[in-house]
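Observations on the three-dimensional arrangement
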Amino acid sequence: MKLMIDDAHIDLIQTIYEYYPVDGVTTNPTILAKSGRNPYEILKEIRAFIGEEAQLHVQAVSREAAGMIEEAHRIREELGENTYVKIPALKEGFKAMKALYAEGIPVTATAVYMPMQAFLAAKCGASYAAPYINRIDNMGYNGIQVAKNIHDLFKNNNLKTEVLAASFKNSQQLLELCEYGIGASTVAPDVMEGLVKNQAVTSAVEDFIKDFEGLTGAGRNMSSC
Ligand code: G3P
């Protein structure tokens with residue numbers, strides 16, 4: 001499972017990249033709005049930091065296909081080849097996806113709440129479909145199950161599209177999809193930091209350090225004893 005950061009704060013992205021194995025960055029218009037800055041200014045900073053090889057996902061906001069396609073061209077022109085254009089999985093979006101696929105522009109179908117949206121997006125050539133786990137849960141359905149169903153639906157129909165699960169609120173949600181072997185997930189920095197936060201782990205490591213220092217002296221380690 002590829003693991004991406006769902007955020008646009010360059011300082012947070014830099015920190016997460018420093019410590020964790022990360023495959024790219026995803027954004028959406030709400031995430032960009034939180035910065036209050038010009039979208040391309042932020043996105044170019046992110047691209048410069050993550051490099052040309054990493055995936056960057058950027059959403060188009062037009063309501064009609066023609067506008068989405070125009071945005072896709074600008075997004076790719078400004079941010080490079082490995083930039084996936086997020087297109088909402090609705091009627092106008094499907095039209096845009098087909099045209100972008102024909103041009104060789106990679107698409108992430110977004111705002112996916114139902115498996116059939118993902119199926120149609122896959123048939124239109126989308127590289128990823130992004131179900132919103134937590135938002136689906138909040139509607140009274142099971143977001144994890146929807147993501148699993150979409151994964152199965154792709155496999156059973158020989159579609160190359162992968163699930164890019166989004167909208168996580170906790171580690172358990174991510175773990176379940178990781179165990180299931182879905183293609184990719186994107187999580188906010190706080191969820192990423194929470195993945196291995198556990199008092200038992202911290203305490204075990206502290207005990208080892210104390211025992212070692214008891215043997216060799218305060219501040220000593222295997223390179224200085
Ligand atoms: O980009 C879509 C997804 O990341 C939304 O997440 O936390 O706003 O539900 P959230």
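Criteria and cut-off values
- Residues numbered from 1 in each chain as written.
- Predicted model: local features only at pLDDT ≥ 70, side-chain atom pairs only at ≥ 80, totals over all residues.
- Heavy atoms only, no water.
- Helix = DSSP H or I, 4+ residues; strand = E, 2+ residues; numbered from the N terminus.
- Buried < 20%, exposed > 50% of the residue type's maximum accessible area, 1.4 Å probe, protein only.
- Areas by Shrake-Rupley, 256 points an atom, 1.4 Å probe, with all protein chains shown as cover.
- Lys, Arg positive; Asp, Glu negative; His and termini not counted.
- Charge placed at Lys NZ, Arg CZ, Asp CG, Glu CD.
- Phe/Tyr/Trp six-rings, centres within 6.5 Å; stacked < 30°, edge-to-face > 60°.
- Near = heavy atom within 4 Å.
- Polar contact = N/O pair within 3.5 Å; in protein donor to acceptor, adjacent residues only side chain to side chain.
- Core = buried A, V, L, I, M, F, W, Y, C linked by side-chain atoms within 4.5 Å.
- Contact = heavy atoms within 4.5 Å.
- Salt bridge = Lys/Arg side-chain N within 4 Å of Asp/Glu carboxyl O.
- Domains from an automatic or database assignment.

A word on the overall build of the chain. Secondary structure assignment for the chain yields 11 helices and 8 strands. In terms of principal-axis extent, the alpha carbons of the chain reach across some 70 × 35 × 30 Å. Looking at the 225 residues of the chain, the share that counts as buried comes to 46%. Counting only carbon and sulfur atoms, one obtains 52% of the accessible surface of the chain, whose full area is about 11,900 Å². Taken together, the 21 basic and 28 acidic charged side chains of the chain have centroids lying 7 Å from each other.

Further remarks concern the packing of aromatic side chains. In the structure shown here, the tally under the stated rule is 3 aromatic pairs. With 5.6 Å between their ring centres and 55° between their planes, Y84 and Y128 make a pair best called tilted. Separated by 44 residues along the polypeptide, Y84 in strand β4 (residues 83-88) and Y128 in strand β6 (residues 128-131) bring together distant segments of the chain. For the pair shown, Y84 and Y128 are each scored as buried.

With that settled, the discussion passes to unusual backbone geometry. Even without a glycine there, the phi angle at A111 is positive, about 60°. By the element assignment, A111 lies in strand β5 (residues 107-112). Accessibility expressed as a relative area gives 24% for A111, which makes it partly exposed. Although it is not a glycine, S167 adopts a positive phi angle of roughly 65°. Within the element layout of this structure, S167 appears in the loop between β7 (162-165) and α9 (171-180).

Once that is clear, we can look at the site of the ligand. Around the ligand lies a shell formed by D6, N28, K86, Y132, R135, A166, S167 and K169. Here an oxygen atom of the ligand sits 2.3 Å away from a polar atom, N or O, in the side chain of D6. In this structure, R135 approaches the ligand through a side-chain N or O atom, which is 2.7 Å from an oxygen atom.

It is worth spelling out the nonpolar core at this point. Ranked by size, the top nonpolar core spans 60 residues in total, and within it I46, L56, I87, M97, F154, F168 and L177 carry the most contacts. Looking at which element gives the most residues to this core, the answer is helix α4 (residues 65-79), with 6 residues. Residue contacts for L177: discarding those within four places in its chain leaves M1, I133, I144, A147, K148, A165, F168 and I182. In this structure, Y84, Y128, L164 and A184 belong to the second largest nonpolar core, which totals 5 residues.

Taken as a whole and judged by the stated rule, the model has 6 salt bridges. The partner of E45 in a salt bridge is R37, and the shortest N-O contact between them spans 2.6 Å. Between E81 and R76 there is a salt bridge, and its shortest N-O distance comes to 3.6 Å. Counted as one network, the salt bridges with shared partners bring together R37, E41 and E45.

With that settled, the discussion passes to the domain arrangement of the chain. One can read the domain layout of the chain as domain 1 (2-194) and domain 2 (195-225). Relative placement of domain 1 and domain 2: their C-alpha centres are 39 Å apart.

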